Amino acid sequence: NAGVMQNPRHLVRRRGQEARLRCSPMKGHSHVYWYRQLPEEGLKFMVYLQKENIIDESGMPKERFSAEFPKEGPSILRIQQVVRGDSAAYFCASSHIPQGKDGYTFGSGTRLTVV
Amino acid sequence: QQQVKQSPQSLIVQKGGISIINCAYENTAFDYFPWYQQFPGKGPALLIAIRPDVSEKKEGRFTISFNKSAKQFSLHIMDSQPGDSATYFCAARLKNNMLTFGGGTRLMVKP
């Protein structure tokens with residue numbers, strides 16, 4: 001079991017470019033969560049997805065950010081027209097439902113730097 | 001109501017000492033309280049967790065104390081070691097499986 005796989009590990013983008021971050025959940029996990037961690041800060045929830053559905057996107061900025069988790073393939077967090085303030089570590093986690101299962105498993109993150 | 005407040009932000013402990021990190025919450029709908037450990041450049045890893053019907057849980061050198069009436073919980077690391085130096089996050093989960101994290105505590109254990 002390879003765990004939650006995120007790629008790329010590091011991503012550098014110029015202002016105005018697009019950033020695409022990928023997350024493959026653990027085998028058997030159908031729920032994916034994206035969190036953002038700014039330098040020296042805690043993890044902030046962005047979006048919660050199941051296969052082909054967005055369950056909760058209350059933490060995601062209304063503009064420039066989108067997420068998907070297609071039937072086949074990894075979950076994608078997409079940031080259009082990146083700005084310097086988007087520089088952060090983006091972590092994906094996955095879990096197995098039903099309720100009662102413990103916690104999430106996090107990936108190692110993608111560190112986005114906007115120059 | 002979704003907030004989880006964590007303190008201190010940073011902590012320095014001598015090797016062999018006890019590290020104590022505290023968290024407080026407001027939302028009584030939280031039903032699960034995990035602690036995560038994060039090393040630089042890595043993702044958070046689940047360390048230990050507790051449910052609100054239990055007042056204490058111990059796993060090796062790590063203990064969670066839970067005070068339901070005060071809406072507070074804490075992590076105690078006994079016999080702290082330099083290898084424990086990391087950032088620790090408390091979290092709280094709603095029934096819909098969403099985790100809300102505290103702001104983190106950077107622990108340094110001096111040899």
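Overview of the structure. (Residues numbered from 1 in each chain as written. Chains lettered and ligands numbered in written order. Predicted model: local features only at pLDDT ≥ 70, side-chain atom pairs only at ≥ 80, totals over all residues. Heavy atoms only, no water.)

1. Observations concerning the overall build of chain B
Here is the rule we go by: Helix and strand labels come from DSSP, where a helix needs a run of H or I of at least four residues and a strand needs a run of E of at least two; each type is numbered from the N terminus. C-alpha atoms define the radius of gyration, and 2.2 Å times the number of residues to the power 0.38 defines the globule rule. Summary of the burial criterion: residues with accessible area below 20% of their type's maximum are buried, those above 50% are exposed, and those between are partly exposed, where the area comes from a 1.4 Å probe applied to protein chains only. Charge counting treats Lys and Arg as positive and Asp and Glu as negative, with His and both chain ends excluded. Charge positions are represented by NZ for Lys, CZ for Arg, CG for Asp and CD for Glu.
In terms of regular secondary structure, chain B is built from zero helices and eleven strands. Taken from the N to the C terminus, the helices and strands of chain B come in the order β-β-β-β-β-β-β-β-β-β-β. Against the compact-globule benchmark of 13 Å for 111 residues, chain B has a radius of gyration of 13 Å, which places it among compact chains. Looking at chain B residue by residue over its 111 residues, the buried ones come to 47%. If the 13 positive side-chain charges of chain B are averaged to one point and the 7 negative ones to another, these points end up 5 Å apart.

2. Topic: the pairing of strand 4 (residues 33-38) of chain B
Residue and element names in this part refer to chain B. Selection rule: A pair of strands is considered paired only if DSSP assigns at least 2 bridges between the two.
Here strand 4 lies mainly inside the structure; six of its six residues are buried. Burial of the side chains of strand 4 extends over both faces: Phe33, Trp35 and Gln37 are buried on one face and Pro34, Tyr36 and Gln38 on the other. Summarising the sheet, strand 4 and strand 5 (residues 45-50) pair through five bridges and their orientation is antiparallel. Among the inter-strand pairings, Tyr36 is bridged to a residue of strand 5, identified as Leu46.

3. Description of the nonpolar core
Residues and elements named next belong to chain B. Operational definition: Each nonpolar core is a collection of buried residues, namely Ala, Val, Leu, Ile, Met, Phe, Trp, Tyr and Cys, held together in the definition by side-chain atoms within 4.5 Å. Contacts: residue pairs with any heavy atoms within 4.5 Å of one another.
Membership of the largest hydrophobic core comes to 25 residues, with the highest contact counts inside it found for Phe33, Trp35, Phe73, Leu75 and Tyr88. The set of elements that each furnish at least two residues to this core consists of strand 2 (10-14), strand 3 (19-25), strand 4, strand 5, strand 7 (62-67), strand 8 (72-77), strand 9 (86-93) and strand 11 (105-110). Residue contributions to this core peak at four residues, all from strand 9. The contacts of Phe73, once residues within four sequence positions are left out, are Val4, Ile21, Asn22, Cys23, Tyr25, Phe33, Trp35, Ser65, Phe66, Cys90 and Ala91.

4. Overview of the interface of chain B and chain A
Put simply, the test is: Summed over both partners, the accessible area lost on bringing two parts together, with a 1.4 Å probe, is the buried area. We define a salt bridge as a contact between a side-chain nitrogen of Lys or Arg and a carboxyl oxygen of Asp or Glu at a distance within 4 Å. Two N or O atoms form a polar contact when they lie within 3.5 Å of each other; inside protein one atom must be a possible hydrogen donor and the other a possible acceptor, and for residues adjacent in sequence the pair counts only when both atoms belong to side chains. The nonpolar class holds Ala, Val, Leu, Ile, Met, Phe, Trp, Tyr, Cys and Pro. Asp, Glu, Lys and Arg form the charged class, and all remaining residues, Gly among them, are polar.
Each side of the interface is counted separately: chain B has 19 residues, and chain A has 24 residues. For the pair chain B and chain A, the two sides together bury roughly 1700 Å², of which 46% comes from carbon and sulfur. By the criterion of area lost to chain A, the three top residues of chain B are Asn97(B), Met98(B) and Phe101(B), representing 30% of everything that side buries. Counting the contacts that link chain B with chain A gives zero salt bridges. Here chain B is connected to chain A by six residue pairs in polar contact (both at pLDDT 80 or more). When contributions to the side of chain B that touches chain A are tallied by element, the ones reaching two or more residues are strand 4, strand 9 and strand 10 (99-101) of chain B. For the side of chain B that touches chain A, the class distribution of residues is seven nonpolar, seven polar and five charged.

5. Describing the sheet that holds strand 8 of chain B
Residue and element names in this part refer to chain B. For clarity, the cut-off: Fitting a line to C-alpha atoms yields each axis, with helices limited to the stretch in contact; the angle taken between N-to-C directions then spans 0 to 180 degrees.
Spatially, 1-3-8-7-6 is the arrangement adopted by the five strands of the open sheet, whose pairing is antiparallel. Across the chains shown, the open sheet's two edge strands, defined by having one partner strand only, are strand 1 (4-7) and strand 6 (56-59). Direction aside, the axes of adjacent strands within the sheet are offset by 15° on average. In the sheet, strand 7 pairs with strand 8 via six bridges, with the strands oriented antiparallel. Paired with Phe62 across the bridge in strand 8 is Ile77.

6. A look at the state of the cysteines
Two cysteines whose sulfur atoms are joined by a covalent bond form what is called a disulfide. Residue and element names in this part refer to chain A. Rule in force here: Our working definition of a disulfide is a cysteine sulfur pair at a distance within 2.5 Å.
In the structure shown here, the tally under the stated rule is two disulfides over all chains. Through a disulfide, Cys23 is tied to Cys92; the S-S separation comes to 1.8 Å. A torsion of -50° about the S-S bond marks the disulfide between Cys23 and Cys92 as left-handed. With Cys23 in strand 3 (residues 19-24) and Cys92 in strand 9 (residues 88-95), this pair connects stretches of sequence that are 69 residues apart. For Cys23, a relative accessible area of 0% corresponds to the buried category.

7. With respect to the pattern of salt bridges
Going through the model one piece at a time under the given rule, you end up with seven salt bridges over all chains. A salt bridge links Arg78(A) to Glu18(A); the shortest N-O distance between them is 2.8 Å. A residue pair is termed long-range when its members are at least 10 positions apart, and Arg78(A) in strand 8 (residues 75-79) and Glu18(A) in the loop between strand 2 (10-13) and strand 3 qualify at 60 residues. The class for Arg78(A) is partly exposed, based on a relative accessible area of 29%. Looking at Glu18(A), the relative accessible area reads 29%, which means it is partly exposed. In this structure, the salt-bridge partner of Lys71(B) is Glu26(B), at a minimum N-O distance of 3.8 Å. Placement of the pair is Lys71(B) in the loop between strand 7 and strand 8 and Glu26(B) in the loop between strand 3 and strand 4, with a sequence separation of 45 residues. The class for Lys71(B) is partly exposed, based on a relative accessible area of 23%.

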